[in-house]
Amino acid sequence: MTRLRKLGAVTATAIAAAYGGAVVLHDPLISASDYGGNSRLEALRKKVHDPGAVVPAREAQQSVLAAASKSNPLDVLVIGGGATGSGAALDAVTRGLRVGLVEREDFAAGTSSRSTKLLHGGVRYLEKAVFNLDYGQFKLVLHALEERKQVIDNAPHLCHALPCMTPCFSWFEVVYYWMGLKMYDLVAGRQLLHISRYYSTEESVDLFPTLARKVNDRSLRGTVVYYDGQMNDARLNVGLACTAALAGAAVLNHAEVVSLLKDDDGKRIIGARIRDSLTGNEFDTYAKVIVNASGPFCDSIRKMANKNAQQMISPSSGVHIILPDYYSPEGMGLIVPKTKDGRVVFMLPWLGRTVAGTTDSNTSITFLPEPHEDEIQFILDAISGYLSVKVRRGDVLSAWSGIRPLALDPTAKNTESISRDHVVCEDYPGLVTITGGKWTTYRSMAEDAVNAAIKSGKLSPTSRCVTNNLRLVGGEGWERSSFTVLAQQYTRMKSTHSGKVVPGVMDSAAARHLSHAYGTLAERVAAIAQNESLGKRLAHGYPYLEAEVAYCARNEYCESAVDFIARRTRLAFLETDAAQKALPRVIEILAKEHKWNDAKQKEELEKATEFLRTFKSSRNAKFHDGKHS
């Protein structure tokens, strides 16, 4: 029960007393120094955050994987480059293990780039814990609060605190939510981002100008505001993979597992057959343990080991839409905890636009899930009742669907309920599966998976888990004011229509974007923009620069146009039409970096166009916010 260590004894005891039990408050987890490893942790930090550090080339990473043989295997091979898989690779390699990771598409290509963008502190679990006297739910709150704080601390450039407003239409709701959030503040303790508070109706409308004063003949009595975390999920995931690579893991995207390899007796998994999707070449790689972290697709990997494996995943579809920024103010989100049909609806500012959602419905597992029109309309209808502005389908700039891998433990005796927490199991020797859970707890999920892998393979790590104290690449030394260095010291060299190269302004919007997206590495991107005449914006009204395409191709394993518009930048998610218009220039720069011929460039355009068709924007949606001419 180590998760209780940062909680005040009074609160913990009060909850536990409902069960007639006692709470034992353990000492803090053993630190790296307990294995003589403070020096190791510092060495890791220097290695990852060395100003001159560059991730190994993709070809070198593939060579490492192909060289892993039966007689000299990797310690751990991770299948899946989402948040949990990339987190597991980082965890394992920083414990001193030999690690490989393969991902069929790209890092964060699946569920991990299609999240709500929130780092949840588990406030809804607290309500269940109190009213159902559920100590398990209470532990989930503690767990979520601790992990949320660590994610924000470890990637400060990609994560931040976001105030979230809940409207109250009766005085009972005001008291109910205010008391609940005050209890949440107390439980959070040192993990608290900011204290919650009540705002009057007038104050609320000042803070959230589009908030309706009356809903279904019920007058607004005020709002309560609490703080959660928000992130750039895909870039956080890419940061995990690149940090793992800098720490020594062989990570390879666009590499599909074709089959699993078994020992001579057929009793243990000892490796995998890999197909490089970019070249078509296949090779074998061997490992003492394989960690299956392929999210919604984990059952397909398990069935490679045992075709009769019991299904673990019950997939659920979550749809989100992007609206113009005027739907929500820049620094305040809106969360309605219970709509008339019992769902949670939110509107949050995100990267200069508004993200709204979400749905929760059964779905089939597919690699490119698409939102249905009725799901988009449900979100529009749900938020329209709480806003004073007209909500239009034509305002939808982008819409996407993600698959939540709700998991059932195949080894559990009771199969009545499907867990929203994570499940770790080894139902075939040598193959450890981790699935379920949520973005906020990816780090501890990865820790649990690596612990299980160490046990399964009888591995000998040189240290315990250190990822709770290791900032991701770009995060060490970053400050919110770091963007000013870019604005003051760099220009954006641009080509005029006549072909002449002239210096332009590294404006605050571009500088802020680079600083938040790349952290302390933003100066590398700015230098490319300045020195290689790649300073133009890729899309009108968005801060993304041509230099980012070149940088990501060289330093972040960006191998396709979709990799760039969807995950290295978030243009596809923010506005489908803008992403489509940016494609020719993105492909032109990638072609130069990767030496693509004309046929390959045409193929990339077709693939990216087909990908964007799955983002159901309004074809005629135009973005006009009065800020850009």
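Note that the structure is predicted; figures quoted are calculated from it, not measured.

Overview of the overall build of the chain
- Scanning the chain from terminus to terminus reveals 20 helices and 22 strands.
- Here the chain has a C-alpha radius of gyration of 24 Å; the compact-globule value for 629 residues is 25 Å, and the two agree.
- Out of the 629 residues in the chain, the part that is buried amounts to 57%.
- When contacts within the chain are restricted to residue pairs at least 6 apart in sequence, those whose partners lie at least 24 apart make up 73%.
- Total accessible area on the chain is roughly 26100 Å²; 51% of this is exposed by carbon and sulfur atoms.
- Charge separation in the chain, taken as the distance between the mean sites of 76 positive and 68 negative side-chain charges, equals 1 Å.

Structural notes on the pattern of salt bridges
- Counted under the stated rule, the structure contains 37 salt bridges.
- Between Lys 70 and Asp 264 there is a salt bridge, and its shortest N-O distance comes to 3.9 Å. You can see Lys 70 sitting in the loop between helix H3 (58-67) and strand E1 (74-79) and its partner Asp 264 sitting in the loop between strand E10 (255-262) and strand E11 (269-276), a full 194 residues away along the chain. Each member of the pair, Lys 70 as well as Asp 264, carries the same accessibility label: exposed.
- Note that Asp 299 is salt-bridged to Arg 302, the shortest N-O span being 2.7 Å. Linking Asp 299 with Arg 302, this pair stays in helix H10 (residues 298-305), spanning three residues, or about one helical turn.
- Arg 302 sits in the buried class, given a relative accessible area of 2%.
- Among the charged side chains, a salt-bridge network with shared partners connects Asp 106, Arg 235, Glu 556, Asp 563, Arg 567 and Arg 568.

A closer look at the pairing of strand E13 (residues 313-323)
- Here E13 lies mainly inside the structure; 10 of its 11 residues are buried.
- Here E13 runs beside strand E18 (residues 398-407); their pairing, made up of 10 bridges, is antiparallel. Paired with Ser 317 across the bridge in E18 is Ile 403.
- Strand direction decides the pairing type here: E13 and strand E17 (residues 361-362), joined by two bridges, are antiparallel. Following the sheet pairing, Ser 316 is matched in E17 by Asn 362.
- Pairing between E13 and strand E16 (residues 353-357): four bridges, direction antiparallel. For Leu 323, the partnering residue across the bridge sits in E16 and is Thr 354.

Observations regarding helix H20 (residues 598-612)
- The end-to-end C-alpha separation of H20 is 21 Å, in line with the 21 Å expected for 15 residues at 1.5 Å each.
- Within H20, the full set of buried residues consists of Glu 604, Ala 608, Thr 609, Phe 611 and Leu 612. Buried residues of H20, viewed axially, fall in a sector of 160°; they line one side. In H20, those exposed residues whose orientation departs by more than 90 degrees from the buried face are Ala 599 and Lys 602.
- In this fold, the buried residues of H20 make contact with helix H17 (561-568), helix H18 (571-574) and helix H19 (576-594).
- If you check the start of H20, you find a side-chain oxygen 3.2 Å away from the backbone N of Ala 599, and it comes from Asn 597.

Details of the domain arrangement of the chain
- According to the domain assignment, the chain consists of domain 1 (57-111 + 232-310 + 409-455), domain 2 (149-229 + 313-404) and domain 3 (479-612).
- Every contact between the two is made by 13 residues of domain 2 and, on the other side, 16 residues of domain 3.
- The junction of domain 2 with domain 3 conceals about 1100 Å² of combined surface from both sides, 58% of it contributed by carbon and sulfur atoms.
- One can count seven residue pairs in polar contact (both at pLDDT 80 or more) joining domain 2 with domain 3.
- At the level of elements, strand E4 (159-168) and E18 are the ones that each hand at least two residues to the side of domain 2 that touches domain 3.
- The residue makeup of the side of domain 2 that touches domain 3, split by class, is nine nonpolar, three polar and one charged.

A few points about the layout of surface pockets
- Roughly 1300 Å³ of volume is contained in the second largest pocket.
- As for the second largest pocket, its lining consists of 44 residues, and the residues nearest its centre are Glu 330, Trp 350, Leu 351, Gly 352 and His 516.
- For the lining of the second largest pocket, the residue count by class is 20 nonpolar, 13 polar and 11 charged.
- Three or more residues apiece are contributed to the lining of the second largest pocket by two domains, here domain 2 (149-229 + 313-404) and domain 3 (479-612).

What about the nonpolar core?
- Core analysis: the largest hydrophobic core is formed by 134 residues, its most contacted members being Cys 159, Leu 236, Tyr 518 and Val 586.
- In this structure, Val 586 is in contact with Leu 538, Val 549, Ala 561, Phe 564 and Ile 565, ignoring residues within four places of it in sequence.
- Core analysis: the next-biggest nonpolar cluster, separate from the first, contains 30 residues, Met 165, Val 225, Ala 382 and Tyr 386 among them.

The rules we used
- Residues numbered from 1 in each chain as written.
- Predicted model: local features only at pLDDT ≥ 70, side-chain atom pairs only at ≥ 80, totals over all residues.
- Heavy atoms only, no water.
- Helix = DSSP H or I, 4+ residues; strand = E, 2+ residues; numbered from the N terminus.
- Rg over C-alpha atoms; globule rule 2.2 N^0.38 Å.
- Buried < 20%, exposed > 50% of the residue type's maximum accessible area, 1.4 Å probe, protein only.
- Contact = heavy atoms within 4.5 Å.
- Areas by Shrake-Rupley, 256 points an atom, 1.4 Å probe, with all protein chains shown as cover.
- Lys, Arg positive; Asp, Glu negative; His and termini not counted.
- Charge placed at Lys NZ, Arg CZ, Asp CG, Glu CD.
- Salt bridge = Lys/Arg side-chain N within 4 Å of Asp/Glu carboxyl O.
- Pairing = 2+ DSSP bridges.
- Expected span 1.5 Å × (residues − 1).
- Arc of directions from axis to C-beta.
- Polar contact = N/O pair within 3.5 Å; in protein donor to acceptor, adjacent residues only side chain to side chain.
- Domains from an automatic or database assignment.
- Buried area = accessible area lost by both parts, 1.4 Å probe.
- Nonpolar A, V, L, I, M, F, W, Y, C, P; charged D, E, K, R; others polar.
- 1 Å grid on protein atoms, 1.4 Å probe; cavity = no way out; pocket = protein on both sides within 12 Å on 5 of 7 lines; lining within 4 Å.
- Points joined across faces, edges and corners; volume = space filled by probe spheres on them.
- Core = buried A, V, L, I, M, F, W, Y, C linked by side-chain atoms within 4.5 Å.

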